[in-house]
Amino acid sequence: MVFERVAVRTFRNIVRVDFEPVSGMNVIVGENGQGKTSLLEALYFGATSRSFRTDRAGDMIQQGAGAASVRMRVAERGIRREQTAGLGPQRRLLAIDGVVASTAAGYATRTPVVVFCPGDLGLAVGGAAERRRLLDRLALFAHPETVGFRSRYARAMKERQEALSRRGTGARELDAFEAVAGECGARLTEARGEAAARLAEAAVVAFRGVGAPGLDLALVYRPGGSVLREEFVEELARRRGRDARSKVSGYGPQRDDLELTLSGRGVRRLASQGQQRAVALGLKLAELECVRLCRGVQPILLLDDVSSELDDNRVRAIYGHLGEWEGQVFVSTARGEGVDFAEVGRRGRADWVMVGGSLSRRV
Ligand SMILES: Nc1ncnc2c1ncn2[C@@H]1O[C@H](COP(=O)(O)OP(=O)(O)OP(=O)(O)O)[C@@H](O)[C@H]1O
Ligand SMILES: [Mg+2]
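Given the structure is predicted, the values throughout are model-derived calculations rather than measurements. (Residues numbered from 1 in each chain as written. Chains lettered and ligands numbered in written order. Predicted model: local features only at pLDDT ≥ 70, side-chain atom pairs only at ≥ 80, totals over all residues. Heavy atoms only, no water.)

Before going further, it helps to spend a moment on the site of ligand 1. Close to ligand 1 lie 15 residues, the nearest being Gly33, Gly35, Lys36, Thr37 and Ser38. Note that an oxygen atom of ligand 1 is positioned 2.7 Å from one of the backbone N or O atoms of Gly33. At 2.7 Å from an oxygen atom of ligand 1 is found a side-chain nitrogen or oxygen belonging to Lys36. In the complex, 69% of the free accessible area of ligand 1, which totals 660 Å², lies under the protein chains. Among the residues forming the shell around ligand 1, the class breakdown is 1 nonpolar, 9 polar and 5 charged. (Near = heavy atom within 4 Å. Polar contact = N/O pair within 3.5 Å; in protein donor to acceptor, adjacent residues only side chain to side chain. Areas by Shrake-Rupley, 256 points an atom, 1.4 Å probe, with all protein chains shown as cover. Nonpolar A, V, L, I, M, F, W, Y, C, P; charged D, E, K, R; others polar.)

With respect to topology, 3 strands assemble into an open sheet ordered β9-β10-β11, the strand pairing being antiparallel. Edge strands, defined here as strands with exactly one partner in the open sheet, are β9 (217-222) and β11 (265-266). Most of the contacts of helix α3 (residues 128-142) go to strand β10 (residues 257-262), to which it runs at about 100 degrees, and overall it touches β9 and β10. Relative to β9, helix α5 (residues 174-210) is tilted by about 175 degrees, and along the sheet it contacts β9 and β10. (Pairing = 2+ DSSP bridges. Helix = DSSP H or I, 4+ residues; strand = E, 2+ residues; numbered from the N terminus. Contact = heavy atoms within 4.5 Å. Axes fitted to C-alpha atoms, helices over the stretch in contact; angles between N-to-C directions.)

Let us look at the packing of α3 against helix α9 (residues 273-295). The description of two packed helices rests on the angle between their axes and on the distance between the axes. Their axes nearest at 9 Å, the elements α3 and α9 cross at an angle of 10 degrees. Classified by the angle between their axes, α3 and α9 sit roughly parallel to one another. Within the contact between the two elements, α3 uses Leu134, Arg137, Leu138, Phe141 and Ala142 and α9 uses Leu283, Lys284, Glu287, Cys290, Val291, Cys294 and Arg295. Across the contact of α3 with α9, the residue classes break down as 8 nonpolar, no polar and 4 charged. (Parallel < 35°, antiparallel > 145°, perpendicular 65-115°, else oblique.)

This part covers the packing of α3 against α5. Relative orientation of the contacting elements α3 and α5 amounts to 95 degrees, with a least axis distance of 8 Å. Accordingly, the angle class assigned to the pair α3 and α5 is roughly perpendicular. Two secondary-structure elements touch here, α3 through Arg132, Leu134, Leu135, Asp136, Leu138, Ala139 and Ala142 and α5 through Leu188, Ala191, Arg192, Ala195, Ala196, Arg198 and Leu199. Along the lines of polarity and charge, the residues of the contact of α3 with α5 split into 10 nonpolar, no polar and 4 charged.

With 13 residues, helix α1 (residues 36-48) ought to run about 18 Å at 1.5 Å a step, and its terminal C-alpha atoms sit 18 Å apart, in line with that. Burial within α1 is extensive, with 12 of its 13 residues counted as buried. Among the residues making up α1, those that are buried are Lys36, Ser38, Leu39, Leu40, Glu41, Ala42, Leu43, Tyr44, Phe45, Gly46, Ala47 and Thr48. Within two residues after α1, Ser49 carries a phi angle of roughly 75 degrees, on the positive side. (Expected span 1.5 Å × (residues − 1). Buried < 20%, exposed > 50% of the residue type's maximum accessible area, 1.4 Å probe, protein only.)

Fair warning: the whole summary comes from geometry, so function is off the table for now.
This is how it looks when you write it as structure tokens:
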């Protein structure tokens, strides 16, 4: 899986970039604020129709411009396709070989991309929402329909909450909302549980490569709801009074978490900072492995500035891991020569320089 040619238009500070990355390692060097993350974000947007740094899609459109777009030629096992992701103020347009994609999930699973960014280092200790997002990204590849369950669940729960606050626990429409929420919530819980099991297996292996020797990582999915539809629906009905008073629901996948332990000790409260980062890296490498297994191709890897947040040993561990990586990689760094990528990129390397939103190849 390779991006062969990429055209970015009015995306963040990039007015126009056209480039042909190499199939191995692409290193993007630039000072702060020049557009390195924006370029990686553009690649991610072109492949998935989403951003990895914001939920507000409109932020990706260049200020003063009406729309942003990324067009790319993707090669998968020798077969080429043209993908276009466009973003206007109101809508997104996604097309593969000129045919409009019917769902964003279908579009996003065609070209698997995994991104590492400095924020991911909080994956082990930050809020559970990040870990749920990780599970959802994995579930997407195994069961693309999960996206629909998630949005229908959220809508039904919002309507239930509104009905509770306006008309009380006896409101007649509650049964219907809870039936939908129970159905979709149970399916989402099941998909996340499955994703967590795959992630756990891969994370144990990945952690050995980046973690402290002698420590074992364990990962357990703690669902906030149930995989059983009836149980889910009954529980929602039972909790009406409580949920009305607290104005949020205390039951369901919005409460899911992944419990992480290192040799029996909770990572969040008891692990050292270095260990917490190693766990986060282990999780990201496990994500990469799960997507690879699920999709049957090497995902394209985007590494945004990870070297700035990690000590040299850890950086070496990542690049050591990448030395065996057969897929295409994009690395951004402000440190330039500070990082030695010599052993990496057996399949060729190109260096690119980003200045004020313009990209040029360094020779
Ligand atoms: N919608 C937008 N329109 C125009 N410019 C934007 C938009 N969003 C962000 N920018 C600007 O784009 C510039 C590049 O940001 P980016 O995050 O890509 O930099 P970077 O090279 O990754 O820097 P750093 O090394 O500090 O991470 C910044 O000056 C930022 O303020
Ligand atoms: Mg950046």
